[in-house]
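Remarks on the overall topology
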Amino acid sequence: MLHREGPVPLYKQVADLVRDQIARGELKAGDPLPSEATFEKTYEIARTTARRVARDLRAQGLVYTIQGEGSYVGSLGTPRSPRKVPIYQKIAAEVIERIQRGEIPPNKPIPGEKAMMRQYGVAKVTARQAVAHLRELGWVFTVPYRGTYVTDREKWPINPGS
């Protein structure tokens, strides 16, 4: 679908595809733009190329970005479509399920940021949000420069996943 050897840069080609999705109504005002990681996987492009896609779409006035949350179709101030559950919470819920099933026992490390980024196709900030959420809920604790580990069973939250 992309012409990798042609004169049009890859980021422009992907931005054109997204612009077409917006024009056809597949992506509506307020919808989240696919993540850089999704662009990387879908179009087999580098992260820097994926980053330029969002930058190009912003320059065209088709999307806006909220730091730490992502890019959305429309102009700044366009109401965002409600998301069912933020992706970082979905990731945290899956890790909690693995802990409860005994796949990740107490005092053993949970998957690191890079592993989460690869497995879920998310940015580093999203992986960090998932870990922070797990920590806030009391499922894990972090040892600086060592990693994040499952909390002792007796310290697990009473309402799992809440």
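Look up: the structure comes first, before these words.
The text that follows walks through the structure, step by step, so that each part is easy to find. (Residues numbered from 1 in each chain as written. Predicted model: local features only at pLDDT ≥ 70, side-chain atom pairs only at ≥ 80, totals over all residues. Heavy atoms only, no water.)

Our focus in this paragraph is the overall build of the protein chain. From N to C terminus, the protein chain includes six helices and four strands. The secondary structure elements of the protein chain, listed N-terminal to C-terminal, are α-α-α-β-β-α-α-α-β-β. The dimensions of the protein chain, computed from C-alpha atoms along their principal axes, are 60 × 35 × 25 Å. Within the protein chain, the proportion of its 162 residues that are buried is 33%. In the protein chain, of all internal contacts separated by at least 6 residues, the share reaching a separation of at least 24 is 52%. With an accessible surface of roughly 10000 Å², the protein chain has 53% of that area assigned to carbon and sulfur atoms. In the protein chain, which carries 26 positive and 17 negative side-chain charges, the distance between the mean positions of the two groups comes to 3 Å. (Helix = DSSP H or I, 4+ residues; strand = E, 2+ residues; numbered from the N terminus. Buried < 20%, exposed > 50% of the residue type's maximum accessible area, 1.4 Å probe, protein only. Contact = heavy atoms within 4.5 Å. Areas by Shrake-Rupley, 256 points an atom, 1.4 Å probe, with all protein chains shown as cover. Lys, Arg positive; Asp, Glu negative; His and termini not counted. Charge placed at Lys NZ, Arg CZ, Asp CG, Glu CD.)

Attention shifts here to helix α4 (residues 87-100). Taking 1.5 Å as the rise per residue, α4 with 14 residues should run 20 Å; its terminal C-alpha atoms sit 20 Å apart, in good agreement. Within α4 the residues assigned to the buried category are Ile91, Ala92, Val95, Ile96 and Ile99. Buried residues along α4 cover an arc of 140° about the axis, so they all sit on one side. Just beyond α4, the residue with positive phi is Gly102, at close to 90°. (Expected span 1.5 Å × (residues − 1). Arc of directions from axis to C-beta.)

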